[in-house]
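# Overview (structure and organization)
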Amino acid sequence: MAEFVYPPVIRTALAAFKALDVRFDIQGAEHVPVTGGAVLVSNHISYLDFIFAGMGAFKVAKRKTRFMAKDDVFKHRISGPLMRGMKHIAVDRTDGQPAYDAAVSALRAGEVVGVFPEATISRSFMLKKFKTGAARMAADAGAPLLPVVLWGTQQLWTKGRPKTLTKRHVPVTIMIGEPIHLAPTDKPVMVTRRLRAAMSEMLDRAQREYPARPKGSEDSWWLPAHLGGTAPTLEEAEALDEAEATAKAARRAAAVSG
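Okay, unusual backbone geometry next. Despite not being glycine, Lys62 shows a phi value in the positive range, around 60 degrees. Considering the arrangement of structural elements, one finds Lys62 in the loop between helix 2 (49–61) and strand 3 (65–70). Phi angles above zero are rare outside glycine, and Phe125 is one such case at about 70 degrees. Within the fold, Phe125 resides in the loop between strand 5 (112–115) and helix 6 (133–141). Of the residues examined, Phe125 reaches a relative accessible area of 3% and is grouped as buried.

Here is the structure:
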């Protein structure tokens, strides 16, 4: 089923991006393994990152990435059939073990599994803390970690901003780093630190080499604060995330009690 669903979805996305003149810059394509399992690890700055993060691997090596995503996406009447058809992996946040087991099985079968180790979109557009799941599943499956950094995708659709899916001429950087191969003695925490450090360097380069700049003060929201933009700092973004989580918990509690 995946082979019938996945390619048309990618072709449709590419056609839409071509119509909008999205200007792709794919770097490090030679690092994509042609065969065998790999854990593709990406930063997360946009609701569209599932498409962009897997695009480099697909365009270069025709590798189809099976992304891990929260199960709410699979329950949606439109996205659900597509996610299931493309063999993405649903994650129940109350019990993540079945999704983890499915991901390891897919890796052992030679698939590329996509992970966003920050678990949610970064409002600051900088790297949040990483969870260790990617490193653990790479170790369990004997697969390498493939670091990927995206930049520019936040201009199209990100958390706390209106959709701008028709915005034209947006440059999008897809930077693929060297695979990280784990030794049997490597500890997931240390591997995760190494992975995050590598991706932090990649992200800094992608941001500084990005060919576009804000067109004015009102357009500076997508640029990190340390580069002169008005995006929240990591600390401010964390406070916003905590406030959002608290509000959601209160709504759930009110719904249950009501």
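Now that the structure has been shown, the text picks up again.
Right, let's get into the sheet that holds strand 7 (residues 171–176). Pairing in this open sheet of 7 strands is mixed, and the strands run 1-7-6-2-5-3-4 from one edge to the other. Two strands bound the open sheet, and with one partner strand each, they are strand 1 (23–27) and strand 4 (89–91). Averaged over neighbouring strand pairs, the angle between their axes works out to 20 degrees when direction is ignored. As judged from the 4 bridges shared by strand 2 (residues 38–42) and strand 5, these two strands associate in the parallel manner. Each residue of the ladder has a partner; that of Leu40, found in strand 5, is Gly114. The strands touched by helix 6 are strand 2, strand 3, strand 5 and strand 6 (145–151); relative to strand 2, the strand with the most contacts, the crossing angle is about 170 degrees. Against the sheet, helix 7 (residues 188–209) contacts strand 1, strand 2, strand 6 and strand 7, and its axis sits at roughly 30 degrees relative to strand 6.

Our focus in this paragraph is the pattern of salt bridges. Per the stated rule, a full pass over the model turns up 8 salt bridges. When the shortest N-O distance is used, the salt bridge between Asp21 and Arg23 registers 3.1 Å. Given a relative accessible area of 28%, Asp21 falls into the partly exposed group. On the basis of relative accessible area, Arg23 is assigned to the partly exposed category, the value being 45%. Asp241 is paired through a salt bridge with Arg123; the nearest N and O atoms lie 2.7 Å apart. With Asp241 in helix 8 (residues 234–257) and Arg123 in the loop between strand 5 and helix 6, the pair connects residues that are 118 residues apart, well separated along the chain.

Below, the discussion takes up the nonpolar core. In this structure, Val39, Met68, Val113, Met137, Leu145 and Trp151 are the most contacted members of the largest nonpolar core, which totals 63 residues. Other than its neighbours up to four places away in sequence, Leu145 contacts Val39, Val41, Ala134, Ala135, Ala138, Glu178, Pro179, Ile180, Leu182, Val191 and Leu195. With 5 residues, the next largest nonpolar core counts Val5, Tyr6, Ile10 and Met86 among its residues.

Attention now goes to the side chain of Asp241. Owing to a relative accessible area of 15%, Asp241 belongs among the buried residues under this scheme. Those residues in contact with Asp241 that sit more than four places away from it in its chain are Arg123, Lys128 and Lys159.

This part takes up a positive patch on the surface. A grouping of Lys70, Arg93, Lys131, Lys248, Arg251 and Arg252 is seen on the molecular surface, where their side chains present a positively charged patch. Examined against the element boundaries, Arg251 turns out to sit in helix 8.

Rules used in this analysis
Residues numbered from 1 in each chain as written. Predicted model: local features only at pLDDT ≥ 70, side-chain atom pairs only at ≥ 80, totals over all residues. Heavy atoms only, no water. Helix = DSSP H or I, 4+ residues; strand = E, 2+ residues; numbered from the N terminus. Buried < 20%, exposed > 50% of the residue type's maximum accessible area, 1.4 Å probe, protein only. Pairing = 2+ DSSP bridges. Axes fitted to C-alpha atoms, helices over the stretch in contact; angles between N-to-C directions. Contact = heavy atoms within 4.5 Å. Salt bridge = Lys/Arg side-chain N within 4 Å of Asp/Glu carboxyl O. Core = buried A, V, L, I, M, F, W, Y, C linked by side-chain atoms within 4.5 Å. Patch = residues over 30% accessible without salt bridge, like charges linked within 9 Å, V, L, I, M, F, W, Y side chains within 5 Å. Areas by Shrake-Rupley, 256 points an atom, 1.4 Å probe, with all protein chains shown as cover. Lys, Arg positive; Asp, Glu negative; His and termini not counted. Charge placed at Lys NZ, Arg CZ, Asp CG, Glu CD.

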